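Working through the structure, step by step
What follows is each chain in one-letter form.
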Amino acid sequence: MRILKALATALALFTLAGTGAVTAAESAQVQPNILLIVADDMGYTDLGSFGGEIHTPNLNRLAEQGLRLTNFHTLPTCAPTRAVLLTGTDNHIAGLGSQLNSAKQQGQPGYEGHLNNRVVTAAEILGASGYRTYMAGKWHLGHEVSQRPAKRGFQETFALLPGGAGHFAEPVALHPAEPVEYSRNGKTLGTLPEDFYSTRAYTEHLMAWLERDANSQSPFFAYLAYTAPHDPLHAPQAYIDKYKGHYDAGYEVLREQRFIALKVSGVLPESVALPVWPRIIPRWASLSAEEKALSSRNMEIYAAMIDYMDEQIGRVFELLRQQGQLDNTLVVFMSDNGPNGLPSTTYPTHDAEYHAQFDNRLQNVGRPSSFPSLAAGWATASSAALSKFKGFITEGGIRTPAIVKPPSVQPAASINSDYVHVADWLPTFLDLAGVHHPSTTDDSIAALRGSSLAPFLRGKTTKLNGSKSRAFEVHGSRAIFKGKWKATQAPPPFSSGEWKLFNIHNDPSESINLAHKEPENLAELIAEHEVYEKEVGVVYDALPIVKPIHDALKILQWLIVAAIFWSMFLQRHHMSPARIGYSLLQIVCLVGLFSAYFNIAGWALIAGLLTEVLILMRKPACASKVCLSLVSCTVLLLILIIKSGYLLIFSL
Ligand SMILES: [Ca+2]
């Protein structure tokens, strides 16, 4: 009832014409159609207009007619981003405080796991203001009937409810614990047509609604939420064949090519340097011929999925053009987070038995019975100069390609590098439609936290956003942006746990930590982040499961350090300077492993310890020392495995 009341108020406000940011003249204009297109797990450089070589002529044309946002940010995983996208507020307010709740977060306000009743969606507001509202694609914001898009303001829906699935008919689940469920206007669908392919099906559902309602006098809001190029990587064979051999030179080469193209096209400034290749990701040259063939095939399928998606988007544009609606349509294209660098074998509920059902041989990958993923090498190439990928709060995880074409007018510039956040879209839609947000008259509805881009799109200002800071938190990782600064903190074991500070205008790859040079700036941003966490109700907890493992290893690490000291004390009269030096090195490396990426030192230490074990095993009197060395080795190995990201367990 409360939401209905709020929507009625919004509609009344709209009918009475706007005040504030929306002038009477503007609200009297024809309301634009809004087409919001979202790609799933697509990287920063995959589009032609963002340095990519994949054939994306329709989105390239959109970029030529509109505006490329080169500093656009999402959250690092799917569901929190979508919650913010559709409600214009914060994920902790909307019910998606985390994609994977810890015990501490379970049951807390803001951690419902679906859109709650404190927020209203773009479809609810625009629908109440006379818009036709369509949704085709991935929902990921609640499974129950009352949580589905049909109950959140969308009048026509064809929705995949979970976070992903196989892309052909009889699709495999993304996770064993997350069954595939398609819903049509709120009702679960039994089977899919034999010729089903996700990207085409979403497109054709939307096109059918647009064709059916061609004579409607109402504008439309269409949310086209593709599941491409999310894994499992599946694409029609002809599209895969189109990219055969394109990636045989490997991911480091592709990364360099795209990095150069990014600079040539003006997406990144000339001054940006390409960071060194991450040590934990195997070099292309170190792979066997078979591994290279399979890996490059996975990238070929990924490219095919994006190529195919672009073609389908072109069909929607062509239909709107034929209907005479394209010019009066605000088109937004974005990806919901960075490319996925984790192979599916690391997913939480994926075990050997689950994977045994897939045929991932070279001749079969890309087909319905396979479950290929992009993996870290290609994801790193896709992020290019940006650090890491999906799941991380570094720029590779949260800076994604975005294009906006305003209705009627062509923007003065074709590229903009001001900070823009996914929360900014809903205020922009409402501003252009001349509709006020219900929170302006109803305190029980959470207010918008984004800023409208409409003044910029109308040519009334040259800056997209002012000096306002933008903060967020997901899975224990924090970031706050203000002007050129980004302060960020990620919990161990994936980072040091310390706050870092970067000038992301000059250093989008986050290579130079300025925390010690700019302590006052950093302190101010941390203080602002604390205010943000209180405002939105963050229940702070690092990733469940990994944290206890990490804490246990840390205790073990200190026990080993103590044991090494004790052993040195007992043998103090017989120890050579070299022996003392080696023991001290062991201690330094053990401590260092928890505070920085000392992987090379770690492996060297393991080699040293194993050699020591072999020598000591010849002296039965030193059994305790052998045990100590073996325990040290095991702890070091576990630390290194965790640091390489293999236990990173986001629900995707
Ligand atoms: Ca995603």
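Description of the structure in this document. Quantities reported herein were computed from a predicted structural model and do not represent experimental measurements. Per chain, the residues get numbers from 1 upward, laid out in the order the sequence is written. Under the rules for a predicted model, residues below a pLDDT of 70 receive no local features and side-chain atom pairs below 80 are neither given nor counted, while totals for whole chains, interfaces and linings still include all residues. Working from all heavy atoms in the structure, the side-chain values ignore hydrogens and water.

So, about the environment of valine 264. Strands are runs of DSSP state E lasting at least two residues, helices are runs of H or I lasting at least four, and both sets are numbered from the N terminus onward. Structurally, the position occupied by valine 264 is in helix α9 (residues 251-264). Valine 264 sits 213 residues away from glycine 51 along the chain, and the two C-alpha atoms are 8.2 Å apart.

For this analysis, a ring pair means two rings from Phe, Tyr or Trp (six-membered ring only for Trp) whose centres lie within 6.5 Å, classed as stacked if their planes differ by under 30 degrees, edge-to-face if by over 60, and tilted for the remaining angles. Tallying each qualifying case throughout the model produces 28 aromatic pairs. Ring geometry for phenylalanine 72 against tryptophan 425: centres 5.9 Å apart, planes inclined by 40°, an arrangement best described as tilted. Taken together, the residues phenylalanine 72 in strand β3 (residues 72-73) and tryptophan 425 in helix α14 (residues 425-433) connect sequence positions 353 residues apart. Under the scheme applied here, a residue whose accessible area is under 20% of the maximum for its type counts as buried, over 50% as exposed, and between as partly exposed, the area being computed with a 1.4 Å probe on protein chains only. Residue tryptophan 425 is classed as buried on the basis of its relative accessible area, which comes to 0%. Relative to phenylalanine 569, the ring of tryptophan 566 has its centre 5.7 Å away and its plane inclined at 20°; by these criteria the two rings are stacked. You can see tryptophan 566 and its partner phenylalanine 569 sitting in helix α17 (residues 546-570), three residues apart, about one turn around the helix.

Time to look at the sheet that holds strand β14 (residues 477-482). If you walk across this open sheet you meet the four strands as β13-β14-β15-β16, and the pairing is antiparallel. The open sheet has two edge strands with one neighbour each: β13 (470-474) and β16 (500-503). Across the sheet, the mean angle separating the axes of adjacent strands is 15° when strand polarity is ignored. The pairing criterion is simple: DSSP has to find at least two bridges between the two strands. Direction of pairing for β13 relative to β14: antiparallel, over a ladder of five bridges. Considered in β14, the bridge of arginine 470 is made with phenylalanine 481. To define axes, lines are fitted to C-alpha atoms, for helices over the stretch in contact only, and angles between the resulting N-to-C directions are given on a 0 to 180 degree scale.

This part takes up the pattern of salt bridges. Put simply, a salt bridge is a Lys or Arg side-chain nitrogen that is within 4 Å of an Asp or Glu carboxyl oxygen. Using the criterion set out here, one finds 26 salt bridges in the structure. Its salt-bridge partner being glutamate 318, residue arginine 321 comes within 2.6 Å of it at the nearest N-O pair. Residue arginine 321 and its partner glutamate 318 are located together in helix α10 (residues 289-322), separated by three residues, close to a single helical turn. Among the salt bridges present, the one from arginine 478 reaches glutamate 533, with a minimum N-O distance of 2.6 Å. Here arginine 478, found in strand β14, pairs with glutamate 533, found in helix α16 (residues 519-536); they are 55 residues apart in sequence, far enough to count as distant. Put simply, Asp40, Arg82, Lys138 and Asp336 are held in one network by salt bridges that share partners.

By themselves, these figures tell us nothing about what the structure is for.
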